[in-house]
Each structure stands twice: as C-alpha cells, then as structure tokens.
Amino acid sequence: MAVKDRDRFSTATRLRLLGEQTAARVYRSQSRRQARRSRLTGRAALLALVLCSLVVALAYPMRQYVSQRAQITDLQRQQQQARKRVEQLRDLKARWQDDAYAEQQIRLRLHYVMPGETGYTVVDPGLAKQSRADLRGARRPWYANVWDGVDKSDASDQ
C-alpha cells in the first residue's frame, strides 16, 4: 500500500489527473458550444431572412416617400416664388395708380413733354452710322428685310 499511496500523491500522478480533468472539461464545453452554435445558426439564419425581407418590403415605399418629400419641397419653393412675384406685381400696380409715377413713366418711355417745355433728342453718332448701314437693305428683297427685323427684335428681348 505504501507504493500505491506514494504513486497516488506523486506530482506526476497529480498532473496527469489534472490534465485528464481539464481535457474532459474542454471536451464538454466544446460540445456545448457546438450545440449552442447549431441552435444559434438556425436563429441567425431566420433573423437574417426576416431582416432581408423587411429591407425588400420597405425599399420601394421609402423611395416613394423620399421622392414625394422632395417634390413637396420643390412645390413649396415654387409657391414662395409665386407669392413674391404677386407681391411685386401688387407693388407695381400700386405705383401705377399714383399719377406722378405714371407721368414720369410716360415722359421717360414715350418722350412726352409738358406744354412750354422743349424736348431734345440726342443722337449717338455711332447709331447714325448704323442706320446708314441699314439703308443697304433697300437693295435686298423685302422678305429678307422682314426676316432681319424679326431676328433683331428677338435678339433685343434676350
């Protein structure tokens, strides 16, 4: 018995027993982890499937929502611009109701003068030369002159 007790309490025996116990624990924990992993893998696959289906189901409505919000913003901006334009036109209408403003605009635009005043028109020499160049158009056919007039009036609008 002395030999058995000696072997039982020897360092090598104790280390071997500790190694076996540790190996058994590791094996048990690995088998548990594998069992857990197999359960979690199925759950994870189901969760991924649900998330993907939600993304697919919500993608089109979200795109519509975003585009409609952009359209609403654009329409609100246009409405604000229209309100500003209406306000400007109301101001212009109110100005034209004033006789002094109307008289000023008539004198400026139509070159009217009041009785007793002398009206002067200053002619730019460069413009006089340009009008002589227009006299060359008398040699051309009438429809060419009409078309040039249309082009000039169109260019003055721009």
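Since we're looking at a predicted model, the values are computed, not measured. (Residues numbered from 1 in each chain as written. Predicted model: local features only at pLDDT ≥ 70, side-chain atom pairs only at ≥ 80, totals over all residues. Heavy atoms only, no water.)

### Let's talk about the overall build of the chain
The helix and strand inventory of the chain stands at 5 helices and 0 strands. Counting from the amino terminus, the chain carries its helices and strands in the arrangement α-α-α-α-α. The buried share among the 158 residues of the chain stands at 3%. On the chain, roughly 15100 Å² of surface is accessible, and the fraction owed to carbon and sulfur atoms is 58%. (Helix = DSSP H or I, 4+ residues; strand = E, 2+ residues; numbered from the N terminus. Buried < 20%, exposed > 50% of the residue type's maximum accessible area, 1.4 Å probe, protein only. Areas by Shrake-Rupley, 256 points an atom, 1.4 Å probe, with all protein chains shown as cover.)

### Focus on unusual backbone geometry
With phi around 60 degrees, His111 is a residue other than glycine that occupies positive phi space. Mapped onto the secondary structure, His111 falls in the loop between α3 (99–110) and α4 (125–134). For His111, a relative accessible area of 66% puts it in the exposed group.

### Side note on the side chain of Gln105
Inspection of the secondary structure puts Gln105 in helix α3. Take Gln105: its relative accessible area is 9%, and that puts it in the buried class. Setting aside residues up to four positions removed in sequence, Gln105 forms contacts with Trp96 and Leu110. (Contact = heavy atoms within 4.5 Å.)

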